[in-house]
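Close look at the chain arrangement
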Amino acid sequence: MAAETDRFVKTGSDYKASLRDGRVVWYSGERIGDVTTHPATAGGVQWLADLHDLQHDAEHRDTATYVRPDGERVSRTWQIPRTPDDLRARRELTELTSRRTLGFFGRQLDNIAFTMIGLAAYEHLFRRSNPELADNILRYIRHAEEKNIVLAGLIADPQGARAKEKWSLGERVAVDGHGDIERLPPLLRVVERRDDGIVIAGAKIVGTVLPQAQEMIIITQPFVAPEESFWCALPANADGVHIVLRQAVSRPEPTREHPLASRGEEMDCLIIFDNVFVPIERVFSLGDPALPLEYGDIGAGEHWHTLIRMTVKAELLVALTQMIIDALGTTKVAKVRELAADVILYAQGLRAFTTAAENSAIVTESGVAWPGVDFVTAGRVFGIEQYGRIIEAVRELAGQGPLMLFSDADFRQPELGPLLTQVVEGFDMVSEAKNALMGLVWDITSDGYGMRMDYFERLNGYPKFFLKERLFGEYDRVAGVEWLAEFLGLPVDQVAEPARRLAARRKPMLG
Ligand SMILES: Cc1cc2nc3c(=O)[nH]c(=O)nc-3n(C[C@H](O)[C@H](O)[C@H](O)COP(=O)(O)OP(=O)(O)OC[C@H]3O[C@@H](n4cnc5c(N)ncnc54)[C@H](O)[C@@H]3O)c2cc1C
């Protein structure tokens, strides 16, 4: 075996330098020169930079990286799991990164990378559909591994894309100050096919973390026309890509009374593709609108990542709940203990789904160890349905505490500070510590920062109704129906036929 090197494992400062690449990013009507320093994006960049540095930290190096058979140490973010041990190692990586970000950074380094690895897990489907493009999948993963790429995922379409029927190719439109220009399609599509690639035009939306990532994977939706259907990857700074940020929810200055909201955020955005060229070696599928119907299986890794992160976050909420109760001295109230037990139940439920998905892993036809999709989907629905209730429980347990926050400046004021310290003293915690604790509760339950996270948990990677639709399509109940039919003395084959048809289909029925 060749001598080990770690030349492909990037540091936080390598990562930051790579973001100064001329990308076009807009915020509040102005072009951002450097996303590593702009207040809307810098905090999130720093969080990701810290995760890069973990890869070089002696204590965490073997969790965050692995050594390839050729002796190259690379980020585990891009490891294709081939065995149950590989899956376990990926879970440990996600637990580590989730702890570092308190579970409040959905698109950590290893999240959308897992989406891309899903293409490798189901490479056989891509090969059947576009044999000439299938080799691009493993080639891209090797590229991303050696560049230690942070990847964003673009699946959702702007809600205005529903107006696509009103649009036609070559249509021109008058825009104030720009005269007569060719109108971009409402739904992202291929506008030109060339031997060396495709040209795409239109838009995608939300694309969390793209402003803070180097590259994006684009996945189109099912039930569209062939020219609206493609899977590809491209850099954030590709010519013609405009990244338009939503308004920031984090606070640019670090403050003790907003310990989370002042750490920075993963940024969401609208992405406009103004006739962007994608080289053919970055295209994974072209013209196959049925392929996205397989996303339940292909995306199971990414969704398992989300489950692991939500589990870690739920365990943080259990600890937070305990600290609130201790600070307020409310342990003796039975209703308080019941609410706290609800939070524990939530954490335990998520942990059980996460573990069950790992224990029911399969090896796909393409030879990738892949979490059991039934438990992944059910766990995601459980996590989404309970999240709002659990956040409400945390808010309830904290009473007026999170609202009545005082700034560091108040505590430092020579006349006021000592008085404040005496009157806002917690039961088991003194003033400023209680202030920081309740500040965290505010950030999580009541601040714009917490509300954005609430949106994220409910909607990222498809809303609840769609996941339930998927569960209905994915869960195999043939054996159960056969068992009951037999017990009731009914003709087994006839009674089980609809369930068998569903099981063979294994796809959401939504149109
Ligand atoms: C914080 C955040 C981060 C996100 N990050 C990403 C990301 O990184 N990448 C990405 O691709 N996407 C991302 N998304 C987008 C997410 O995938 C979509 O929000 C989600 O798929 C729902 O689509 P929509 O918001 O366009 O809602 P719409 O499709 O416009 O639907 C609006 C509402 O109508 C109802 N509805 C619509 N259709 C149906 C139906 N067929 N049956 C029943 N009810 C229906 C639902 O209640 C739905 O919430 C993110 C979203 C949020 C909020």
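Presented here is a report on the structure given in the accompanying data block. (Residues numbered from 1 in each chain as written. Predicted model: local features only at pLDDT ≥ 70, side-chain atom pairs only at ≥ 80, totals over all residues. Heavy atoms only, no water.)

A look at the overall build of the protein chain
Filter applied, for reference: Numbering goes from the N terminus for both helices and strands, where a helix is a DSSP run of H or I of at least four residues and a strand is a run of E of at least two. The globule rule used here is 2.2 Å times the number of residues to the 0.38 power, and the radius of gyration it is set against is calculated over C-alpha atoms. Each residue gets one of three labels from its accessible area relative to the maximum for its type: buried under 20%, exposed over 50%, partly exposed in between, using a 1.4 Å probe on protein chains only. Every residue pair with non-hydrogen atoms within 4.5 Å of one another is taken to be in contact. Here, Shrake-Rupley sampling with a 1.4 Å probe gives the accessible areas, and only protein chains in the shown set may cover a residue.
What the protein chain contains, in helices and strands, is 18 helices and 16 strands. Expected size for 511 residues packed as a compact globule is a radius of gyration near 24 Å; at 25 Å, the protein chain falls within 12% of this value. The dimensions of the protein chain, computed from C-alpha atoms along their principal axes, are 75 × 75 × 60 Å. With 511 residues in all, the protein chain has 53% of them scored as buried. Of the contacts formed within the protein chain by residues at least 6 apart in sequence, a portion of 75% connects residues at least 24 apart. Of the accessible surface of the protein chain, which amounts to about 22,200 Å², a share of 55% is contributed by carbon and sulfur atoms.

Details of the packing of aromatic side chains
Inclusion rule: To pair, rings of Phe, Tyr and Trp, with the six-membered ring standing in for Trp, must have centres within 6.5 Å; the planes then decide the type, stacked if under 30 degrees apart, edge-to-face if over 60, and tilted in the middle. Definition used: whenever NZ (Lys) or CZ (Arg) falls within 6 Å of the ring centre and also within 35 degrees of the ring normal, the charge is taken to sit over that ring.
Throughout the structure, instances matching the rule amount to 11 aromatic pairs. Ring geometry for Tyr295 against Tyr462: centres 6.0 Å apart, planes inclined by 75°, an arrangement best described as edge-to-face. With Tyr295 in helix H8 (residues 295-298) and Tyr462 in the loop between helix H15 (448-459) and helix H16 (464-474), the pair connects residues that are 167 residues apart, well separated along the chain. Each member of the pair, Tyr295 as well as Tyr462, carries the same accessibility label: buried. Taken together, the ring pairs connect Phe126, Trp231, Tyr295, Tyr462 and Phe466 into an aromatic cluster. When the ring centre of Phe104 is taken as reference, the NZ or CZ atom of Lys313 above it lies at 4.3 Å.

Re the layout of surface pockets
Our working rule: The definitions used throughout rest on a 1 Å grid laid over the protein atoms alone, on which a cavity is an enclosed set of points accommodating a 1.4 Å probe that cannot get out and a pocket is an open set flanked by protein within 12 Å on both sides along at least five of seven lines; lining residues are those having an atom within 4 Å of a point. Grid points are joined across faces, edges and corners, and a volume is the space filled by probe spheres set on the points. Residue type decides the class: Asp, Glu, Lys and Arg count as charged, Ala, Val, Leu, Ile, Met, Phe, Trp, Tyr, Cys and Pro as nonpolar, and the leftover types, Gly among them, as polar.
Roughly 1,500 Å³ of internal volume is contained in the largest pocket. Taken together, 40 residues line the largest pocket, and the ones lying closest to its centre are Ala156, Asp157, Arg162, Gln221 and Tyr462. It is H15 that provides the largest number of residues to the lining of the largest pocket, a total of 4 residues. Here the residues of the lining of the largest pocket sort into 23 nonpolar, 9 polar and 8 charged.

Notes on the site of the ligand
Put simply, the test is: Think of it this way: one heavy atom of a residue within 4 Å of a molecule or strand is enough to make that residue near it. Two N or O atoms count as a polar contact when they lie within 3.5 Å, although within protein this holds only if one can serve as hydrogen donor and the other as acceptor, and sequence-adjacent residues are included solely when both atoms are side-chain atoms.
Not every one of the 19 residues close to the ligand is listed here, only the nearest: Gly153, Ile155, Ala156, Arg162 and Thr208. At a separation of 2.8 Å, a nitrogen atom of the ligand approaches a polar backbone atom of Gly153. Within the side chain of Gln159, an N or O atom sits 2.8 Å from an oxygen atom of the ligand. Look at the ligand: alone it shows 960 Å² of surface, and the protein chains cover 67% of it.

Some details on unusual backbone geometry
In this model, Leu102 sits at a positive phi of 55°, which is unusual for a non-glycine residue. Of the residues examined, Leu102 reaches a relative accessible area of 28% and is grouped as partly exposed. A positive phi angle, close to 75°, is found at Val209, a residue other than glycine. For Val209, the position within the fold is in the loop between strand S9 (197-206) and strand S10 (215-219).

A short note on the side chain of Gln108
With respect to the secondary-structure elements, Gln108 resides in the loop between helix H4 (84-100) and helix H5 (111-121). Using a relative accessible area of 1% as the deciding quantity, one classes Gln108 as buried. The residues contacting Gln108, other than those within four sequence positions of it, are Leu48, Leu51, Thr94, Thr97, Ser98, Thr101, His305 and Arg309.

Focus: the sheet that holds strand S1 (residues 24-27)
Put simply, the test is: When DSSP finds two or more bridges between two strands, those strands count as paired.
One open sheet holds the 6 strands; their spatial order is S2-S1-S12-S13-S9-S8, and the pairing between them is mixed. The open sheet has two free edges, formed respectively by strand S2 (30-31) and strand S8 (189-194), since each of these has just one partner strand.

Section: the nonpolar core
What counts here: The nonpolar core is taken to be a set of buried Ala, Val, Leu, Ile, Met, Phe, Trp, Tyr and Cys residues, with the residues joined through side-chain atoms within 4.5 Å.
Core analysis: the largest hydrophobic core is formed by 80 residues, its most contacted members being Ile200, Ile218, Leu234 and Phe273. Among the elements that line this core, the one with the most residues is helix H9 (residues 300-328), at 9 residues. Ile200 has contacts with Leu188, Arg189, Val190, Val191, Ile218, Phe230, Phe273, Asn275, Val276 and Val278, leaving out every residue within four places of it along the chain. Membership of the second largest hydrophobic core comes to 40 residues, among which are Leu87, Ile219, Tyr295 and Phe466.

What about the packing of H5 against H9?
Rules: Each axis is a line fitted through C-alpha atoms, taken for helices only over the stretch in contact, and angles between the N-to-C directions span 0 to 180 degrees. Roughly parallel here means an angle under 35 degrees, roughly antiparallel means over 145, roughly perpendicular means 65 to 115, and every remaining angle is called oblique. When the near helix sits turned anticlockwise from the far one by under a right angle, the crossing is termed left-handed; a clockwise turn instead gives a right-handed crossing.
The interhelical angle for the contact between H5 and H9, taken along N-to-C directions, is 155°, at an axis separation of 7 Å. Between H5 and H9, the angle falls in the class roughly antiparallel. For the pair H5 and H9, the sense of crossing is right-handed. Every residue of H9 that contacts H5 at Asn111, Ile112, Phe114 and Thr115 is listed here: Gly301, Glu302, Trp304, His305 and Thr306. Here the residues of the contact of H5 with H9 sort into 3 nonpolar, 5 polar and 1 charged.

Overview of the environment of Ala120
Mapped onto the fold, Ala120 is located in helix H5. Spatially, the C-alpha atom of Ala120 lies 41 Å from that of Val173, the residues being 53 residues apart in sequence. Those residues within four positions of Ala120 in sequence are excluded, and the remaining contacts are Ile80, Ile137, Leu138, Ile141, Ser366 and Val368.

Overview of the pattern of salt bridges
So the rule is basically this: By definition here, a salt bridge exists when the distance from a side-chain nitrogen of Lys or Arg to a carboxyl oxygen of Asp or Glu is within 4 Å.
Counted under the stated rule, the structure contains 43 salt bridges. Here Glu457 and Arg309 are joined by a salt bridge, their closest N and O atoms 2.8 Å apart. With Glu457 in helix H15 and Arg309 in helix H9, this residue pair connects regions lying 148 residues apart in the sequence. An identical accessibility class is assigned to Glu457 and Arg309; each is buried. Here the residues in one salt-bridge network are Arg68, Asp70, Arg142, Glu145 and Glu146, joined through shared partners.

What about a nonpolar patch on the surface?
Where we set the bar: Like charges within 9 Å and nonpolar side chains (Val, Leu, Ile, Met, Phe, Trp, Tyr) within 5 Å are joined into patches, using only residues over 30% in relative accessible area that form no salt bridge.
Taken together, Trp483, Leu484, Phe487, Leu488, Leu490 and Val495 make up a surface patch of nonpolar side chains, about 680 Å² in accessible area. Of all the elements, helix H17 (residues 478-488) adds the most residues to the nonpolar patch, at 4 residues.

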